[in-house]
Amino acid sequence: MTNSYLTVNAVDLSDHVRQVTFNFEAELQDETAMGNTTRVNKPGLLNWTLDVEFNHDFAAAKVDATIFPLVGAAAFALALRAVNAAISATNPEFQMNGVIESYPVIAGSVGDLLTTTVRFRSAGAVTRD
């Protein structure tokens, strides 16, 4: 991964992304009954999280100006691709509505590059284009 694509609330923050982890899962429900000798799991509701580490930037229309007002706000659109190129069968785009779980505005030690890691949580289904 050298050139991911990420928009947050229609703002392209791709050039600030250092690392991205998109987790998509189904909550498993225990359907084990009397007589079973092995656990039986059944898929339940779907869930996703998106963890993004950004090179921090306090300029207009950059990381802080985009993320800060979204903490505790209504759901907003996110779009993610592994490669910042056209959507295709080998470069799908994942579109979803999310909310922000946490945003460490400033954190670091002397001499560190100022970065921030934001966790986005599901507020709707994922569409895979």
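Keep in mind it's a predicted model, so treat the numbers as computed, not measured.

Parameters and conventions
- Residues numbered from 1 in each chain as written.
- Predicted model: local features only at pLDDT ≥ 70, side-chain atom pairs only at ≥ 80, totals over all residues.
- Heavy atoms only, no water.
- Helix = DSSP H or I, 4+ residues; strand = E, 2+ residues; numbered from the N terminus.
- Contact = heavy atoms within 4.5 Å.
- Core = buried A, V, L, I, M, F, W, Y, C linked by side-chain atoms within 4.5 Å.
- Buried < 20%, exposed > 50% of the residue type's maximum accessible area, 1.4 Å probe, protein only.
- Salt bridge = Lys/Arg side-chain N within 4 Å of Asp/Glu carboxyl O.

Chemist: Just to check I follow, could you spell out unusual backbone geometry for this structure?
Modeler: Backbone geometry follows two general trends: most residues other than glycine have a negative phi, and most peptide bonds adopt the trans configuration. One non-glycine residue, Ala10, lies in the positive phi region at around 70°. By secondary structure assignment, the location of Ala10 is in the loop between β1 (5–8) and β2 (11–12).

Chemist: How should the environment of Glu25 be read in this particular structure?
Modeler: By the element assignment, Glu25 lies in strand β3 (residues 17–30). Counting along the chain gives 22 residues from Glu25 to Asn47, while the straight-line C-alpha distance between them is 5.3 Å. In contact with Glu25, other than residues within four places in its own chain, are Leu45, Leu46 and Asn47.

Chemist: Sorry if this is basic, but what is going on with the nonpolar core here?
Modeler: Proteins that are soluble and globular tend to have nonpolar side chains buried together. Ranked by internal contacts, the top residues of the largest apolar core, which has 19 residues, are Val8, Leu50, Ile67, Leu78, Ile100 and Phe120. Broken down by secondary-structure element, the contributors of at least two residues to this core are β1, β4 (41–55), α1 (63–67), β5 (76–81), β6 (93–102) and β7 (115–122). A total of four residues in this core trace back to one element, the largest contributor, which is β4. Sequence-distant contacts of Ile100, that is, excluding residues within four places in its chain, are made with Ile67, Leu70, Val71, Phe76, Val118, Arg119 and Phe120.

Chemist: Would you explain the pattern of salt bridges in this entry?
Modeler: Once their charged atoms are close, side chains differing in charge can pair, the charge on each being opposite to the other. Counted according to the given criterion, the structure contains six salt bridges. Across the pair Glu101 and Arg121 runs a salt bridge whose closest N-O atoms are separated by 3.2 Å. Of this pair, Glu101 sits in strand β6 while Arg121 is found in strand β7, placing the two residues 20 residues apart along the sequence.

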